Amino acid sequence: MTKGLLTTSVGSFPKPDYLLRARNQFAAGKLPARELEELEKRATKEWIDFQEEIGIDILVDGEQYRGDMATYFAELMDGFTISGLVRSYGNRYYRKPIAVGPVARRGPMTLEMWKYAQGLTGRPVKGMLTGPYTMADWSFNEYYPTREAFIMDLARAVHEEALDLERAGATYIQIDEPALSTRPEEMELGSRALGIVTQGLSAHTITHICYGDFAKVFQHLVTLPVDQLDLELANSNYQLLDYFRKARFEKAIGLGVIDVHNHLVEQVEEVKRGIKQALQVLKPHQIYVDPDCGLKTRSVEEAQAKLRVMVQANREVKRELGIE
Amino acid sequence: MITTLVGNYPKVPSLTDGPNLRTAITRYDQKRITAEEMARVADDATRDAIGEQARAGLDLLTDGHIRWEDEVTYFSRGLSGVSLNGLLRFFDTNTYYRQPIVSGALAWQKPVTVRDYTFAVEHSQKPLKAVLPGPLTLACHVQDNHYKDFKKLTFAAAEALNAEATALQAAGASFIQWNEPTLVRAKEHFAVFQELAKIVTRGITVKTALYTYFGDISGLYPQFLGLPFQVLGLDFVMGEANFGLLKGFPQEKELGFGIVDARNTKLEIVEELVGHLDGLRATVSLDRVYLNPNCGLEFLPRKNAYEKLERIVAAAARAKEVLL
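What counts and how
For every chain, the first residue of the written sequence is number 1, and numbering continues from 1 onward in sequence order. The lettering of chains begins at A and the numbering of ligands begins at 1, in the order of writing. Per-residue local features are limited, in this predicted model, to residues with pLDDT of at least 70; the limit for side-chain atom pairs, both in listing and counting, is 80 or more; totals at the level of whole chains, interfaces and linings are taken over all residues. Side-chain numbers here rest on the full set of heavy atoms in the structure, without hydrogens or water. Numbering of helices and strands runs from the N terminus, with a helix taken as a DSSP run of H or I at least four residues long and a strand as a DSSP run of E at least two residues long. Using C-alpha atoms as the atom set, the radius of gyration is obtained and then compared with a globule rule of 2.2 Å times the number of residues to the power 0.38. For this analysis, residues touch if any pair of their heavy atoms sits within 4.5 Å. Every accessible area reported is derived by Shrake-Rupley at a probe size of 1.4 Å, with residue values counting cover from the shown protein chains alone. Think of it this way: Lys and Arg go in the positive column, Asp and Glu in the negative one, and His and the chain ends go nowhere. Positions of charges follow a simple convention, taking NZ of Lys, CZ of Arg, CG of Asp or CD of Glu. Only the contacting stretch of a helix is used when fitting its axis, a line to C-alpha atoms as for every element, and angles between N-to-C directions run 0 to 180 degrees. Throughout this description, any angle smaller than 35 degrees is read as roughly parallel, any larger than 145 degrees as roughly antiparallel, any in the 65 to 115 degree range as roughly perpendicular, and the remainder as oblique. Note: crossing handedness is left-handed where the near helix turns anticlockwise from the far helix by less than a right angle, and right-handed where it turns clockwise. We call Asp, Glu, Lys and Arg charged. Ala, Val, Leu, Ile, Met, Phe, Trp, Tyr, Cys and Pro are nonpolar, and the rest, Gly among them, are polar. Residue types Ala, Val, Leu, Ile, Met, Phe, Trp, Tyr and Cys, when buried and joined through side-chain atoms within 4.5 Å, form a set referred to as a nonpolar core. Between buried and exposed lies partly exposed: a residue is buried under 20% and exposed over 50% of the maximum accessible area for its type, with that area taken using a 1.4 Å probe on protein chains only. For two strands to be treated as a pair, DSSP must find at least two bridges joining them. This arc describes the spread of directions from the helix axis toward the C-beta atoms. Two parts lose some accessible area (1.4 Å probe) when they are put together, and adding that loss for both gives the buried area. Salt bridges are defined by distance alone: a side-chain nitrogen of Lys or Arg within 4 Å of a carboxyl oxygen of Asp or Glu. Under the rule applied, a polar contact is a pair of N or O atoms within 3.5 Å (in protein, one hydrogen donor and one hydrogen acceptor; residues adjacent in sequence only if both atoms are side-chain atoms).

Turning next to the overall build of chain A. Looking only at helices and strands, chain A has eleven helices and ten strands in total. The C-alpha atoms of chain A give a radius of gyration of 19 Å, which matches the 20 Å a tight globule of 324 residues would have. Across chain A, the fraction of contacts at a sequence separation of at least 24, relative to all contacts at a separation of at least 6, is 75%. Total accessible area on chain A is roughly 13400 Å²; 48% of this is exposed by carbon and sulfur atoms. Positive and negative side-chain charges in chain A, numbering 40 and 46 respectively, have mean positions lying 2 Å apart.

Structure below.
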């Protein structure tokens, strides 16, 4: 029987209300760090349990303890301070890292939470890291004379974290690089940095890329030093699949089948159609079915409903086509 | 030499005692405050932004674009035929804009920015300029479901922007600027832009400016210098090649010298800025120079934006001492 079509998630899940309140209280100095951590663990356990219950194959911890994906790591590293508020869009603001000295890892950053999450389940939990190119691109730089020097120091730090995760038993390690596709002229640099991160790892490595000018970056994407490319397909009506039709493609892809920017929950039938479209171009073992991106901007209810549809659609496709 | 800014200014004050626009928008979205209350906070924030520009010692101010969600949405949604779609990344920045969808004739109905401009003028001791999106930038950031013809779409955008400029002129604006980053990132549209430039400036007798940023004018030089605007703004941070493209800068035109990096918190050294002005003198005399950041200041936290303005003002003062 053919194997494949494993289900997974890109990384973040929405935080429950009690955790959002606790984070605000903690920020205002009204809640001790220990208590916040207990609530983060509670929310993590709830998400692990949910994923097991609906039958997802490769789990994530849901990043209940993270705010911004670059700032979270910068706060735990040497060489960074954190900026004042910067607007991202509409009424959304965040704080950006500022490199003010040589950046380096102080110690493990995600290891403890990964071990906690993995200890809750027999299924594999992905190690989730932010890639060096994105970390640098989403930071201010007051120290490094060149972007390259900044990115390479970050690559070494992220590599150390990946090694720690692998030693602890992680079999899937994802290095998110949503900024990578924004500058075709720097794809080679970003790819080199990713190569430093994944060097010597035996875990299945994944990078998540957000949609950029795909025509200009595709030739670089296919050669990125990872085992799996995780891509947004649903919000581009699966048009990206055409690129894979034209080229011989050996890697796996994370097939984004859920639009994370839309409140509306997908229909099972439309997700099934998306998976079947991908199967015309790729083999079942090459396809990992997941949402387009992190689900943290949706409500808990919306995110759970979307994940249920995803799993159900995948299960039906597998049954119809006899995939194990 | 005149010190100025390119357009927007951070909306949220670095200290908590400023007008809390962020909270007001949240409350307004939740229908907990009225449109009048929302407008009052936006006006307060506008006064605050103007006051800060003046305190930094700037000569020519803007209203800070306090009501603009991003560089294209605010103006677009004031036009007929437009609805709003999902978020897209704005160039290679980590900021996002809500994409306008054009599903009917794109036409100017009534002034969009005039009230903001006149309010700002009433509350400013210093001269103000009116800043609008450029026609190409506007057209390239919408999804066109109506014209299905790029040139027709750009012409409609240019006509709308001309109507707005005409209304601003009638309301007393003495300096009208269009911000056109797309022109230096999609140079294939230059021939079309030459026609658009004629449309937007038609009947405008006050001073006009075209600001480009996020790139250089290589490939458009020297024709770019012949565009029908009195002030031509260029980015010398992300478009270093512009240094070599000023030869033959027309005697009757003025230069917007974008030499301070509005996308990084690292502060420029005043003597280095003076050095750049010294170098510039060979091609453009300093009495025809506007000294400004390379692009809008909203990529920075408020505190850092203010410090950037202080450096611009200090560099202009120092240059007047040693160079004039």
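What follows continues from the structure just given.
Time to look at the packing of helix α2 (residues 35-56) of chain B against helix α4 (residues 114-122) of chain B. All names here are of chain B. Here α2 crosses α4 at 55°, and the two axes come no closer than 10 Å. Between α2 and α4, the crossing angle belongs to the class labelled oblique. In terms of crossing hand, the pair formed by α2 and α4 is right-handed. Judged by residue contacts, Asp43, Thr46, Arg47 and Ile50 of α2 engage Arg115, Phe119 and Ala120 from α4. Taken together, the residues of the contact of α2 with α4 break down into three nonpolar, one polar and three charged.

Further remarks concern the packing of helix α2 (residues 33-54) of chain A against helix α4 (residues 111-118) of chain A. Residues and elements named next belong to chain A. Contact geometry for α2 and α4: axes closest at 10 Å, N-to-C directions at 45°. As summarised for this structure, α2 and α4 are arranged oblique, according to the angle between their axes. Note that α2 runs across α4; the crossing there is right-handed. Facing Glu37, Glu40, Lys41, Arg42, Thr44, Lys45 and Ile48 of α2, the residues of α4 in contact are Glu112, Met113, Tyr116 and Ala117.

Time to look at the nonpolar core. Ranked by size, the top nonpolar core spans 113 residues in total, and within it Phe224 and Leu277 of chain B carry the most contacts. The residues touching Phe224 of chain B, leaving out its near neighbours within four places in the chain, are Leu183, Phe190, Leu210, Thr212, Ile217, Leu232 and Leu234 of chain B. Core analysis: the second largest hydrophobic core is formed by 95 residues, Ile48, Met69, Met77 and Leu282 of chain A among them.

An order of β2-β3-β5 (chain B) is seen for the three strands of this open sheet, with the pairing classed as mixed. If you trace the sheet from one side to the other, it starts and ends with β2 (80-89) and β5 (143-144) of chain B, each paired once.

An α-helix turns once per 3.6 residues; consequently, residues spaced three or four apart project the same way. Residue and element names in this part refer to chain A. Burial in α4 covers these residues: Leu111, Met113, Trp114, Ala117 and Gln118. Projected down its long axis, α4 shows its buried positions confined to an angular sector of 165°, all on one face. Buried-residue contacts for α4 involve α2, β4 (127-130) and α6 (147-167).

Opposite the 22 residues of chain A that make contact, chain B presents 22 residues. Both sides together, the interface formed by chain A and chain B hides about 2000 Å², and carbon and sulfur atoms give 48% of it. The largest share of the area that chain A buries against chain B comes from Arg87, Asn91 and Tyr93 of chain A, three residues that together contribute 29% of it. For the salt bridge of Glu298 of chain B with Arg87 of chain A, the shortest nitrogen-to-oxygen distance reads 2.6 Å. Remark: the boundary between chain A and chain B carries ten residue pairs in polar contact (both at pLDDT 80 or more). Elements that contribute at least two residues to the side of chain A that touches chain B include exactly β2 (77-89), β3 (92-105) and β5 (140-141) of chain A. For the side of chain A that touches chain B, the element with the highest residue contribution is β2 of chain A, accounting for seven residues. Residue classes in the side of chain A that touches chain B are distributed as eleven nonpolar, seven polar and four charged.

Next up on the list: the sheet that holds strand β1 (residues 6-7) of chain A. Residues and elements named next belong to chain A. Taken together, the seven strands give an open sheet; going across it, the order is β1-β10-β9-β8-β7-β6-β4, and neighbouring strands pair in parallel fashion. Edge positions in the sheet fall to β1 and β4, since each of these pairs with one other strand and no more. Across four bridges, β4 lies against strand β6 (residues 172-176) in parallel orientation. By the bridge assignment, Thr130 is partnered in β6 with Asp176.

With the rule as written, the count across this model stands at 46 salt bridges over all chains. One salt bridge in this structure joins Asp116 of chain B and Arg67 of chain B, with 3.7 Å as the shortest N-O distance. With Asp116 of chain B in helix α4 and Arg67 of chain B in the loop between α2 and α3 (73-76), this residue pair connects regions lying 49 residues apart in the sequence. With a closest N to O distance of 2.7 Å, Arg77 of chain B and Glu69 of chain B form a salt bridge. Residue classification places Arg77 of chain B among the partly exposed positions, given a relative accessible area of 41%. Owing to a relative accessible area of 23%, Glu69 of chain B belongs among the partly exposed residues under this scheme. Residues participating in the shared-partner salt-bridge network are Asp137, Arg147, Arg183 and Glu186 of chain A together with Asp92, Arg185 and Arg263 of chain B.

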